[in-house]
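# Inside the fold
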Amino acid sequence: MKLRCRDQLLALDRVAVMGVINVTPDSFSDGGLWIDARAAIRHGLDMVAEGADILDVGGESTRPGAAPVPEREELRRVLPVVEGLAREVGVPISIDTRKPEVARRAIAAGASIVNETTGEGGDEAADGIAAESGAALVLMHSRGTPATMGRLTRYDDVVADVAGWLRARAARAEEAGVARECIAVDPGYGFAKDARQSLELLRGLDRIVELPYPVLVGTSRKSFIGKALDLPLDARLEGTAATVAWAVSRGAAIVRVHEVRPMVRVARMIEAIMSPEGL
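Reading the values: the criteria
- Residues numbered from 1 in each chain as written.
- Predicted model: local features only at pLDDT ≥ 70, side-chain atom pairs only at ≥ 80, totals over all residues.
- Heavy atoms only, no water.
- Helix = DSSP H or I, 4+ residues; strand = E, 2+ residues; numbered from the N terminus.
- Buried < 20%, exposed > 50% of the residue type's maximum accessible area, 1.4 Å probe, protein only.
- Phe/Tyr/Trp six-rings, centres within 6.5 Å; stacked < 30°, edge-to-face > 60°.
- Lys NZ or Arg CZ within 6 Å of the ring centre and 35° of its normal.
- Contact = heavy atoms within 4.5 Å.
- Salt bridge = Lys/Arg side-chain N within 4 Å of Asp/Glu carboxyl O.
- Lys, Arg positive; Asp, Glu negative; His and termini not counted.
- Polar contact = N/O pair within 3.5 Å; in protein donor to acceptor, adjacent residues only side chain to side chain.
- Pairing = 2+ DSSP bridges.
- Expected span 1.5 Å × (residues − 1).

### Looking at unusual backbone geometry
A positive phi is found at Ala192, a non-glycine position, where the angle reads about 60°. Topologically, Ala192 is positioned in the loop between strand 8 (183-186) and helix 6 (195-203). We classify Ala192 as buried; its relative accessible area is 1%.

### Overview of the packing of aromatic side chains
Across all of its chains, the model carries zero aromatic pairs by this definition. Of note, Arg143 hangs over the ring of Tyr155, and the distance from its end group to the ring centre comes to 3.9 Å. Over the ring of Trp246 we find Arg250, and its NZ or CZ is 3.8 Å from the ring centre.

### A short note on the environment of Ile113
You can see Ile113 is positioned in strand 6 (residues 113-116). Considering only alpha carbons, one finds Ile113 and Leu3, 110 residues apart in sequence, at a separation of 9.8 Å. Apart from residues no more than four positions distant in its own chain, Ile113 is found in contact with Cys5, Ile54, Pro92, Ile93, Ser94, Ile95, Ala135, Ala136 and Val138.

### Structural notes on the pattern of salt bridges
Applying the stated criterion to the full structure yields 21 salt bridges. A salt bridge links Arg104 to Glu101; its shortest N-O distance comes to 2.7 Å. Within this pair, Arg104 and its partner Glu101 are both found in helix 3 (residues 100-109), separated by three residues, close to a single helical turn. Residue Glu174 is joined to Arg180 by a salt bridge in which the shortest nitrogen-to-oxygen separation is 3.0 Å.

### Digging into the side chain of Lys222
Along the chain, Lys222 falls in the loop between strand 9 (216-217) and helix 8 (223-229). Within the buried set, Lys222 has no salt-bridge partner at all; the shortest N-O distance to an opposite charge, 6.8 Å, is to Asp186. A polar atom in the side chain of Lys222 sits 2.6 Å from the backbone oxygen of Tyr189.

### Some details on the sheet that holds strand 5 (residues 93-97)
On the basis of which strands lie adjacent, the open sheet formed by eight strands has the order 8-7-6-5-4-3-10-9 and parallel pairing. The outermost strands of the open sheet, each flanked by one partner alone, are strand 8 and strand 9.

### Notes on helix 1 (residues 37-49)
The end-to-end C-alpha distance of helix 1, which contains 13 residues, comes to 18 Å, matching closely the 18 Å that a straight helix rising 1.5 Å per residue would cover. Buried positions along helix 1 lie against strand 3 (16-22), strand 4 (54-58), helix 2 (71-88) and helix 10 (260-274). If you check the start of helix 1, you find a side-chain oxygen 3.1 Å away from the backbone N of Arg38, and it comes from Asp36. One or two steps after helix 1, the chain reaches Gly51, where phi turns positive at roughly 115°.

### A look at helix 10
An ideal rise of 1.5 Å per residue puts 21 Å on 15 residues; helix 10 measures up with 21 Å between its terminal C-alpha atoms. For helix 10, the full list of buried residues reads Val260, Met263, Val264, Ala267, Ile270, Glu271 and Ala272. Looking at the buried residues of helix 10, the elements they touch are strand 3, helix 1, helix 9 (237-249) and strand 10 (254-257).

Here it is, written out as structure tokens:
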């Protein structure tokens, strides 16, 4: 399996590790750490040195309850980081955004993946942007906005409902001109899902990976880990590692994480266990 990111072809014969760079003052786990563009670029360089295959830059927090960020401010935050990283690294750069114009400008600045997080109710404008530019498109399931998603957690069967939405949404992207090899899907752990539902989505990951698209799993430091282990944000490394190991063993193609080096090691160890050749 491969993911085409403009002129780059990301081989997914092993799990790709996506490093998170939050250029925000209020992200749920590391808000404010990388708000300075130079610090964010250095952080991205460190992540690549630690083994990151993709860098995901975001300028608006999507944590439950987060306030929206004006488009101009989001652009001010992310464009210098995307431009700086595009000059310095060879890995694909992803723009994590809900706004079409931010996606468009970030691609012009050097991004090659649009991590589209509007979910149900999104206007699907990112489809045209990806189709025109050749950028990869990650389609994540969510409902509502960060301010309302916590109230939108009713499902008949969370695994079947999410898988069905992802299948239909990806099909619409293809109809809009996005090449199948440019599409990945994300179940959206913690986005309009409570802790029990996020765990259920992990148990049912086998059903998600049956879709004909690479599956991205983003569980790093999420609140359902904290609830399961009764731990605060700064103590969820081992819980995150367990979810990454599970995701890799169940066929995830990409894992989105905050701590790159340990999660690369987790992924490579699980792959060694699963490989008939071993080491």
